[in-house]
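Each chain is listed here by its residues.
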Amino acid sequence: KITSQNCSAVAKITLNFYPSPVVNDATITSCFLPTNQSSGTFDLTAVNVTTQAPVTKKYYATLTDALNETNELFNFVAYTSTNGFAYIKVFNANGCASIAKVTLIVTPPTKSSVLVDKTICVENRTTLDAGTGFTSYTWSTGATTQSIQNVAVGSYWVDLETNGCITRQTVHVNKAPEIIFSEIIIKNNTVTLNVAGGKPSYQYSLDGITWQNSNVFTNLPRGQNTFYVKDFYDCTPNKIEITVPNLVNAITPNGDNTNDVVDYSALSYKKNLKLEIFDRYGNKISVLDRNSGYKWNGTLQGKKLPTATYWYTIKWNEPNQESTPVQYSGWILLKNRN
């Protein structure tokens, strides 16, 4: 240094550089959140990013924030995040700092690929098996085994543990859909059963023992007949009792009290019973209902009709839960003497 008197002197300046803390990047994992399976909760204080002490730490969501010390995180004990990164700025006693990068990994749910919904007959039982590969199993029934047996229709869940994380998986045991008789068509002594619901293919029977694929039954006796139907699930069959009316092929309304009228009053207990008679051209001749006693004497508006073949249709609803509609059709020969 040169003074104003042109004198000079030499001074020694010592510069001491304090070292920054040594840090290392790290990775932390968290189980998924049940309410948001792409996110997890991380305790950033549990991450080992330095072995030096004493140090203080500050936590940031981005590297820019860590460099500028802006937007500091204060929920670092329970920091919620998706897969990504966080940054820890480490300060030593001299105030020097280093930044460590922390990789955040959310462990996704691990479900059983073999545990699927089932459909069974309501009277049956089944087994639910979650499969192998899990550390532990806890079922809604209280069982802690891989599978549970004798399971009835209902909804169940199982907690499956993998890598310390619990995935709750729900499974449903559904009741097999019911089969209903949608329509019954009777022609002479042939009955056709139309059904709906269930799961095809259907099978049909007159006794619940011998089964056929066809829904048509021929050469049936007059009176009550019982029919059964079952489907793919082979549950307890649905059944229905059908009246095959006594067929009258001809009437001769001559007053001798023998075959003078068409009389279906025996069916009057059937719901919505209605009889309609047509000529061979399809013209409606008469409608037989409760007012007429379900009888026809071969007249139209009190006048005798000519001798000819006439067709008739009888409709009613069976007194079952589905109120199945039944249609019965046939022909009758009217012999009228003028």
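Described in the following lines is the structure provided in the data block.

Conventions and cut-offs
- Residues numbered from 1 in each chain as written.
- Predicted model: local features only at pLDDT ≥ 70, side-chain atom pairs only at ≥ 80, totals over all residues.
- Heavy atoms only, no water.
- Helix = DSSP H or I, 4+ residues; strand = E, 2+ residues; numbered from the N terminus.
- Rg over C-alpha atoms; globule rule 2.2 N^0.38 Å.
- Buried < 20%, exposed > 50% of the residue type's maximum accessible area, 1.4 Å probe, protein only.
- Contact = heavy atoms within 4.5 Å.
- Areas by Shrake-Rupley, 256 points an atom, 1.4 Å probe, with all protein chains shown as cover.
- Lys, Arg positive; Asp, Glu negative; His and termini not counted.
- Charge placed at Lys NZ, Arg CZ, Asp CG, Glu CD.
- Salt bridge = Lys/Arg side-chain N within 4 Å of Asp/Glu carboxyl O.
- Pairing = 2+ DSSP bridges.
- Axes fitted to C-alpha atoms, helices over the stretch in contact; angles between N-to-C directions.

1. Considerations on the overall build of the protein chain
In step 1: Helix and strand counts for the protein chain stand at one helix and 28 strands.
In step 2: A compact globule built from 338 residues would reach a C-alpha radius of gyration of about 20 Å, whereas the protein chain, at 44 Å, exceeds it by more than 25%.
In step 3: Per-residue burial over the protein chain gives 36% buried out of 338 residues.
In step 4: For the protein chain, the share of sequence-separated contacts (at least 6 apart) that also reach a separation of at least 24 residues comes to 54%.
In step 5: When the accessible surface of the protein chain is totalled, it reaches about 19,600 Å², and 50% of it is carbon and sulfur.
In step 6: On the protein chain, the mean spot of the 28 positive side-chain charges and the mean spot of the 24 negative ones are 5 Å from each other.

2. Section: the environment of Gln321
In step 1: Topologically, Gln321 is positioned in the loop between strand S27 (308–317) and strand S28 (325–334).
In step 2: Placed 115 residues apart in sequence, Gln321 and Leu206 show a C-alpha to C-alpha distance of 20 Å.

3. Description of the pattern of salt bridges
Any two side chains of opposite charge can pair, given that their charged atoms come close.
In step 1: By the definition in use, this model includes eight salt bridges.
In step 2: We note a salt bridge from Asp234 to Lys230, for which the minimum N-O separation is 3.1 Å.
In step 3: We classify Asp234 as partly exposed; its relative accessible area is 48%.
In step 4: Residue Glu318 is joined to Lys270 by a salt bridge in which the shortest nitrogen-to-oxygen separation is 3.0 Å. Of the two residues, Glu318 is situated in the loop between S27 and S28 and Lys270 in the loop between strand S21 (262–263) and strand S22 (271–278); the sequence distance between them amounts to 48 residues. Neither residue differs from the other here; Glu318 and Lys270 are each classed as buried.
In step 5: Residues joined by salt bridges that share partners form a network here, namely Lys58, Glu69 and Lys89.

4. Focus: the sheet that holds strand S6 (residues 97–107)
In step 1: The mixed open sheet is built from six strands, whose spatial order is S3-S5-S6-S1-S2-S4. Whereas interior strands pair on both sides, the edge strands pair on one side only; in this sheet they are strand S3 (56–60) and strand S4 (79–81). Across this sheet, the average inter-strand angle for adjacent strands is 35°, counted without regard to direction.
In step 2: Pairing analysis gives eight bridges linking strand S5 (residues 84–91) to S6, with the strands arranged antiparallel. Across the sheet, Gly84 pairs through a bridge with Leu104, a residue of S6.

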